[in-house]
Amino acid sequence: YSNLKNMKKIIDVGSGLAQIDLVLSQFLPEIDFYLVDKNRIEYDPENFVYFHPPLDNKSSHGFYNSFDVIKDVVANSPVNPERIHFLHPENEWPDNVDVVMSYYSWNWHYHKSVYWDKLMQSLKLGGYFSTTLTLRKGETTVDEISQDLGSHPCYYQSIQVPANSPDRRLKGFDDIVHTGYYTWQRLK
């Protein structure tokens with residue numbers, strides 16, 4: 001991200017309360033941030049699935065966000081409200097985007113296919129895709145993304161979860177092979 005000052009648009013998928021976006025907006029006041037998330041608080045601990053079992057089930061993960069909180073922070077801070085845009089997951093994304101990022105949301109709780117078409121329509125050539133990725137047995141998501149974007153990850157960091165971790169008791173955690181942070185540059 002050495003050329004952040006030349007960037008104009010960043011999309012944060014599963015932005016939650018947008019902490020990273022609000023901090024970045026202080027240092028990069030000319031960038032428009034598009035926050036993609038649902039706008040209400042809904043959490044059902046009985047049916048909560050940390051990593052969703054079916055790859056095509058878009059509603060198996062609980063969400064916990066309120067754009068009202070973000071709007072309140074923006075209204076009471078030096079953040080330029082004209083640079084913060086709120087998008088529901090079903091909204092269209094802007095074109096010519098410099099960065100699409102998603103940490104601990106898309107590719108972590110739900111599969112790449114949920115937003116992939118939108119990313120391919122929005123992310124400009126030379127732009128970056130950065131995500132926290134969970135791989136299950138038999139998945140080839142890293143190779144698929146690399147092929148679609150025309151590059152191998154330019155950044156990668158593995159996240160290790162010990163076999164005896166209490167987190168392994170969560171539904172849907174059994175067949176996870178690997179998790180990590182990845183960043184690609186779009187070259188095609």
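In case you missed it, the structure is sitting above this.
Okay, so let's go over this structure. On a predicted model such as this, the values are computed, not experimentally measured, just so you know.

1. Brief notes about the side chain of Ser 102
- Counting through the fold element by element, Ser 102 comes out in strand E6 (residues 97–102).
- Here Ser 102 falls in the buried class, since its relative accessible area comes to 0%.
- Contacts of Ser 102, omitting those with residues within four sequence positions, involve Asp 12, Val 13, Ser 130, Thr 131 and Thr 132.

2. Focus on the packing of aromatic side chains
- A full pass over the atoms with the stated rule returns 10 aromatic pairs.
- Geometrically, the ring pair formed by Phe 67 and Phe 86 is tilted, given 4.7 Å between the ring centres and 55° between the ring planes. One end of the pair, Phe 67, is in helix H2 (residues 67–75); the other, Phe 86, is in strand E5 (residues 84–87), with 19 residues separating them in the sequence.
- For Phe 86, a relative accessible area of 26% corresponds to the partly exposed category.
- Between the aromatic rings of Trp 116 and Phe 129, the centroid separation amounts to 5.7 Å while the plane-to-plane angle is 70°, which identifies the pairing as edge-to-face. Of this pair, Trp 116 sits in helix H3 (residues 116–122) while Phe 129 sits in strand E8 (residues 123–136), and the two are 13 residues apart along the sequence. An identical accessibility class is assigned to Trp 116 and Phe 129; each is buried.
- One residue, Lys 71, lies across the ring of Phe 86, its end atom 5.0 Å from the ring centre.

3. Considering unusual backbone geometry
- Backbone geometry places Ala 18, a non-glycine residue, at a positive phi of 60°.
- Of note, Ala 18 is situated in the loop between strand E1 (9–13) and helix H1 (19–27).
- The class for Ala 18 is buried, based on a relative accessible area of 0%.
- With a phi angle near 60°, Tyr 104 is a residue other than glycine that sits in the positive phi range.

4. Quick notes on the pairing of E1
- Buried residues dominate E1, accounting for 4 of its 5 residues.
- Alignment of E1 against strand E2 (residues 32–36), held across 5 bridges, turns out to be parallel. Bridge pairing in E2 places Ile 10 opposite Phe 33.
- As for the winding sense of the linkage, the β-α-β connection from E1 through H1 to E2 is right-handed.
- Sheet topology places E1 next to E6; 3 bridges connect them, and they run parallel. In the sheet register, Asp 12 faces E6, and the bridge partner there is Met 101.

5. Concerning the nonpolar core
- Ranked by internal contacts, the top residues of the largest apolar core, which has 22 residues, are Val 13, Trp 93, Val 100, Trp 106, Leu 119 and Phe 129.
- Elements with a contribution of two residues or more to this core: E1, E2, E6, strand E7 (105–110), H3, E8, helix H4 (141–149) and strand E10 (176–185).
- Ranked by the residues each element gives to this core, the list is headed by E8, at 4 residues.
- Beyond its immediate sequence surroundings of up to four residues, Trp 106 is in contact with Val 13, Trp 93, Val 100, His 111, Lys 112, Val 114, Tyr 115, Trp 116, Leu 119, Phe 129, Thr 131 and Thr 132.
- Core analysis: the next-biggest nonpolar cluster, separate from the first, contains 16 residues, Leu 22, Phe 33, Val 99 and Tyr 128 among them.

6. Concerning the pairing of E2
- Counting buried residues in E2 gives 5 out of 5 residues, a clear majority hidden from the surface.
- Both faces of E2 are covered, namely the face carrying Asp 32, Tyr 34 and Val 36 and the face carrying Phe 33 and Leu 35.
- One ladder, built from 4 bridges, connects E2 with E5; its direction is parallel. Across the sheet, the residue bridging to Leu 35 is Phe 86, located in E5.

Rules and cut-offs
Residues numbered from 1 in each chain as written. Predicted model: local features only at pLDDT ≥ 70, side-chain atom pairs only at ≥ 80, totals over all residues. Heavy atoms only, no water. Helix = DSSP H or I, 4+ residues; strand = E, 2+ residues; numbered from the N terminus. Buried < 20%, exposed > 50% of the residue type's maximum accessible area, 1.4 Å probe, protein only. Contact = heavy atoms within 4.5 Å. Phe/Tyr/Trp six-rings, centres within 6.5 Å; stacked < 30°, edge-to-face > 60°. Lys NZ or Arg CZ within 6 Å of the ring centre and 35° of its normal. Pairing = 2+ DSSP bridges. Right-handed = clockwise from strand over helix to strand, strands pointing away. Core = buried A, V, L, I, M, F, W, Y, C linked by side-chain atoms within 4.5 Å.

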